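# Tertiary structure, described
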Amino acid sequence: MAWDFVVVGGGIAGVSVAAGLVGHGSVLLVEAEPELARHTTGRSAAIYLPSYGGPVVRALTTASRAGFAARSVGAPLLSPRPTLWLATTEGGAAAMPPAPAVSAAEALALCPVLRPEVVVAAAVDSGTMDVDAMGLHQSYVRELRAGGGEIRTGARVTALARDGSGWVVGLGGDTVRAGVVVNAAGAWADELAVLAGVPALGLRPLRRTVAVAAAAAVDPAWPLVAEVTDAFYFRPEGTGILLSPADETPSAPVDARPVDVDVALALDRVNAATTLGLRSVRQSWAGLRTFAADREPVVGELPGHPGFAFVAGQGGYGIQMAPALAEVAVAVITGGPTAVDPALLSPARLRRDGDPGQGNTA
């Protein structure tokens, strides 16, 4: 069967772009796993944090606010939770994000379990929210299906070959044809590109570990507390505390699993900054956050490789910027006007001198 668009990857990037493309032609979404959102999307800490990330990420996150509101049918996808940015060293104090500064006393009032002596500097982003990540994901799945798009799970791409101006896509024992292949394969995006004969971009999957620990007393109104140099973050999670060492461990594209030493590191760092005394871990998991060299997303085709569009490199920001990134990606793929300069997202920026990762690394 022939499709105008075959989108590879069933995480938030794939489903959001596929849903946007149904108004432009026939769409098939393929996912290698037996279910959608098995990897990074399903393991996200799910925070809408406008002061988090580089300039393009922050712009897309801010622009996504309206998209979250439009998709909040029945229950809101965003729930208010401020973020308390915490510097525990003088060096960290010099690297605070663009958020209003608060005093140590104000920081302790927001989160009384912090140890006063660790608060060197603090700032509060009051525009942050908890995100119903799976509710967002399912809203795009419903839109895709309602528009006539098809979803196939357990459909790993095993071959990609040019067929005139389009593609032949091997899906195990099946073959389909595509006018355009959209590479939303997350940690596997470079592998998929190479399979298609398209140069890799030097995308780096980095493992991030998250755990939920039992706590004696938790106030659900506490903010997300994020150490500004990425030493740790934590927030309430039901009657426990969700925490992470904010690790970025290079990894092959795999089904990531938590490592005991990283879970222990998260406990040590949060306990050193608080009076929580966390010890018992209820559950832990890990996901791969895939970054381009400049840590901004990658959208579009490489020159000389038409019909193969990247929607990749969302790093740790995929959920928070999903609505706006999807709109921009659909516009880039279909040749429409974009709200963001497409050159800022183009994969060509990562291929200076013909080698991946040689573009802007600021």
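See the structure shown above.
Let me sum up the structure you'll find in this document. Here the structure is a predicted model, which means the values were calculated and not measured. Starting afresh in each chain, residues are numbered from 1 along the sequence in its written order. Given that the model is predicted, a residue must reach a pLDDT of at least 70 before its local features are reported, and side-chain atom pairs must reach 80 or more before they are shown or counted; all residues, however, enter totals for whole chains, interfaces and linings. Side-chain measures were taken over the full set of non-hydrogen atoms in the model, leaving aside hydrogen atoms and water.

### Some thoughts on the packing of helix H1 (residues 12-21) against helix H8 (residues 322-334)
As a reminder, the rule being used: Whenever a helix is involved, its axis is fitted only over the stretch in contact; in every case the axis is a line through C-alpha atoms, and angles between N-to-C directions fall within 0 to 180 degrees. The helix and strand labels rest on DSSP assignments: H or I over at least four residues marks a helix, E over at least two residues marks a strand, and numbering proceeds from the N terminus. Here the angle decides the label: under 35 degrees means roughly parallel, over 145 means roughly antiparallel, 65 to 115 means roughly perpendicular, and every other value means oblique. It is the rotation of the near helix from the far one that decides the hand of a crossing: anticlockwise by less than a right angle makes it left-handed, clockwise makes it right-handed. We call two residues in contact when some of their heavy atoms are within 4.5 Å. Each residue receives one of three labels: charged for Asp, Glu, Lys and Arg, nonpolar for Ala, Val, Leu, Ile, Met, Phe, Trp, Tyr, Cys and Pro, and polar for the others, Gly being one of them.
For the pair H1 and H8, interaxial distance at closest approach is 9 Å and the crossing angle is 55°. Taken as axis vectors, H1 and H8 run oblique relative to one another. Relative to H8, the crossing made by H1 is right-handed. Contacts from Ile-12, Ser-16, Val-17, Gly-20 and Leu-21 of H1 reach H8 at Ala-322, Ala-326, Ala-329, Val-330, Ile-333 and Thr-334. In the contact of H1 with H8, the residues fall into 8 nonpolar, 3 polar and no charged.

### What about H1?
Counting along an α-helix, one turn takes 3.6 residues, and residues three or four places apart therefore face a common direction. Applied cut-off: Exposure is judged per residue with a 1.4 Å probe applied to protein chains only, and the accessible area is read against the type maximum: over 50% gives exposed, under 20% gives buried, and values in between give partly exposed.
Burial of H1 is extensive: 9 of the 10 residues sit out of reach of the surface. Every buried residue of H1 is accounted for by Ile-12, Ala-13, Gly-14, Val-15, Ser-16, Val-17, Ala-18, Ala-19 and Leu-21. Those residues of H1 that are buried are in contact with strand E1 (2-8), strand E2 (27-31), helix H5 (133-146), strand E12 (174-183), strand E20 (308-312) and H8.

### Section: the nonpolar core
This is how it is decided: Residues enter a nonpolar core if they are buried and are Ala, Val, Leu, Ile, Met, Phe, Trp, Tyr or Cys, with the set joined through side-chain atoms within 4.5 Å.
Residues Val-17, Leu-21 and Ile-333 are the most contacted members of the largest nonpolar core, which totals 68 residues. Sorting elements by how many residues they give to this core places H8 first, with 8 residues. Those residues within four positions of Ile-333 in sequence are excluded, and the remaining contacts are Phe-5, Val-17, Leu-21, Val-180, Val-182, Ala-309 and Val-311. Counting residues in each nonpolar core, the second largest holds 29 residues, with Val-169, Val-176, Ala-196 and Phe-308 among its members.

### Comments concerning H8
Operational definition: Given a helix with a known number of residues, its expected span is that number minus one, times 1.5 Å.
Taking 1.5 Å of rise per residue, 13 residues should cover 18 Å, and H8 covers 18 Å from first to last C-alpha, within 8% of that figure. Among all positions in H8, only Ala-322, Pro-323, Ala-324, Leu-325, Ala-326, Val-328, Ala-329, Val-330, Ala-331 and Ile-333 are buried. Gly-335 occupies a position one or two residues after H8 and carries a positive phi of about 80°.

### So, the pairing of strand E5 (residues 83-87)
Our working definition: The rule for pairing is simple: two strands pair if DSSP sees at least two bridges between them.
Extensive coverage of E5 is indicated by the burial of 5 of its 5 residues. Along E5, one buried face is formed by Thr-83, Trp-85 and Ala-87 and the opposite face, lined by Leu-84 and Leu-86, is buried too. Examined bridge by bridge, E5 and strand E7 (residues 121-125) share 5 bridges and lie antiparallel to one another. Within the sheet, the bridge partner assigned to Ala-87 lies in E7 and is Ala-121. Pairing analysis gives 4 bridges linking E5 to strand E14 (residues 224-227), with the strands arranged parallel. Looking at E14, one finds that Leu-84 is bridged to Val-225.

### Quick notes on the packing of aromatic side chains
The condition that has to hold: Two aromatic rings, drawn from Phe, Tyr or Trp (for Trp, its six-membered ring), form a pair once their centres lie within 6.5 Å of each other, and the interplanar angle then sorts them: stacked below 30 degrees, edge-to-face above 60, tilted otherwise. We call a charge positioned above a ring when the Lys NZ or Arg CZ atom is no farther than 6 Å from the ring centre and deviates by at most 35 degrees from the ring normal.
A full pass over the atoms with the stated rule returns 7 aromatic pairs. Seen from their ring centres, Tyr-52 and Tyr-317 are 4.9 Å apart, and the 70° between their planes marks the pair as edge-to-face. Placement of the pair is Tyr-52 in the loop between strand E3 (47-48) and helix H2 (55-70) and Tyr-317 in the loop between E20 and H8, with a sequence separation of 265 residues. For the pair shown, Tyr-52 and Tyr-317 are each scored as buried. Pairing Phe-232 with Phe-234 gives two aromatic rings, centres 6.3 Å apart and planes at 20°, and the pair type is stacked. Phe-234 shares its class with Phe-232; the two are buried. In this structure, Arg-295 is placed above the aromatic ring of Phe-291, and the distance from its NZ or CZ to the ring centre is 3.9 Å.

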